[in-house]
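Analysis of the macromolecular model
The lines below spell out each chain.
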Amino acid sequence: KEPISRGVLPKPTGFKVVSGDNSGELTCSVDSFAGVRVYCFFYTEAPATEDISKWQLSISTVRKKKISGLTPGKLYTLRCAYKGTEEELIYSDPISIYVQ
């Protein structure tokens, strides 16, 4: 069965980042959206480069993702994007947070 193309998906809403349960972890969440195949969570140490292709990418099939292996005490910048049938991504506003 062929997926229905919805075009480029909009800018994500409800993007949040909180400290994880363990040291070196962050937990990301974003509002769900119809037509999303995967949720793309991007992260990098601050100061963040404008070139998002140099950021780390963590993909999830659900709207929440735990990112681990980060350096405690460092400031990280995160963004997310909805990925559907189109290649183009519209990114959320960045969020910066210190890792515990």
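A word on the overall build of the protein chain
- The number of helices and strands found in the protein chain is 0 helices and 7 strands.
- The helix and strand sequence of the protein chain, counted from the amino end, reads β-β-β-β-β-β-β.
- Its C-alpha radius of gyration of 14 Å places the protein chain within 12% of the 13 Å reference for a compact globule of 100 residues.
- Considered along the principal axes of its C-alpha atoms, the protein chain spans approximately 45 × 30 × 20 Å.
- Taken across its 100 residues, the protein chain has 37% of its residues classed as buried.
- When contacts within the protein chain are restricted to residue pairs at least 6 apart in sequence, long-range pairs at least 24 apart make up 61% of them.
- Between the mean site of the 13 positive side-chain charges and the mean site of the 11 negative ones, the protein chain shows a separation of 5 Å.

Quick word on the sheet that holds strand β5 (residues 64-67)
- Overall, antiparallel pairing links the 3 strands, which are arranged β1-β2-β5 in an open sheet. A single partner strand is all that each edge strand has here, and the edge strands are β1 (16-19) and β5. Pairwise comparison of adjacent strand axes, ignoring direction, gives a mean angle of 20° for this sheet.
- In the sheet, β1 pairs with strand β2 (residues 26-29) via 4 bridges, with the strands oriented antiparallel. In the strand pairing of β2, Val-18 is matched with Thr-27.

Focus on the nonpolar core
- In terms of nonpolar packing, the biggest core is built from 18 residues, with Phe-15, Leu-26, Phe-41 and Leu-78 touching the most fellow members.
- Listed by contribution, the elements that provide at least two residues to this core are β2, β3 (38-45) and β6 (75-83).
- Of the residues forming this core, the biggest block, 4 residues, is contributed by β6.
- Setting aside its immediate chain neighbours within four residues, Phe-15 contacts Cys-28, Ser-29, Val-30, Phe-41, Leu-78, Arg-79, Cys-80, Ser-92, Asp-93 and Ile-95.
- In this structure, Val-38, Trp-55, Ala-81 and Leu-89 belong to the second largest nonpolar core, which totals 7 residues.

Parameters and conventions
- Residues numbered from 1 in each chain as written.
- Predicted model: local features only at pLDDT ≥ 70, side-chain atom pairs only at ≥ 80, totals over all residues.
- Heavy atoms only, no water.
- Helix = DSSP H or I, 4+ residues; strand = E, 2+ residues; numbered from the N terminus.
- Rg over C-alpha atoms; globule rule 2.2 N^0.38 Å.
- Buried < 20%, exposed > 50% of the residue type's maximum accessible area, 1.4 Å probe, protein only.
- Contact = heavy atoms within 4.5 Å.
- Lys, Arg positive; Asp, Glu negative; His and termini not counted.
- Charge placed at Lys NZ, Arg CZ, Asp CG, Glu CD.
- Pairing = 2+ DSSP bridges.
- Axes fitted to C-alpha atoms, helices over the stretch in contact; angles between N-to-C directions.
- Core = buried A, V, L, I, M, F, W, Y, C linked by side-chain atoms within 4.5 Å.

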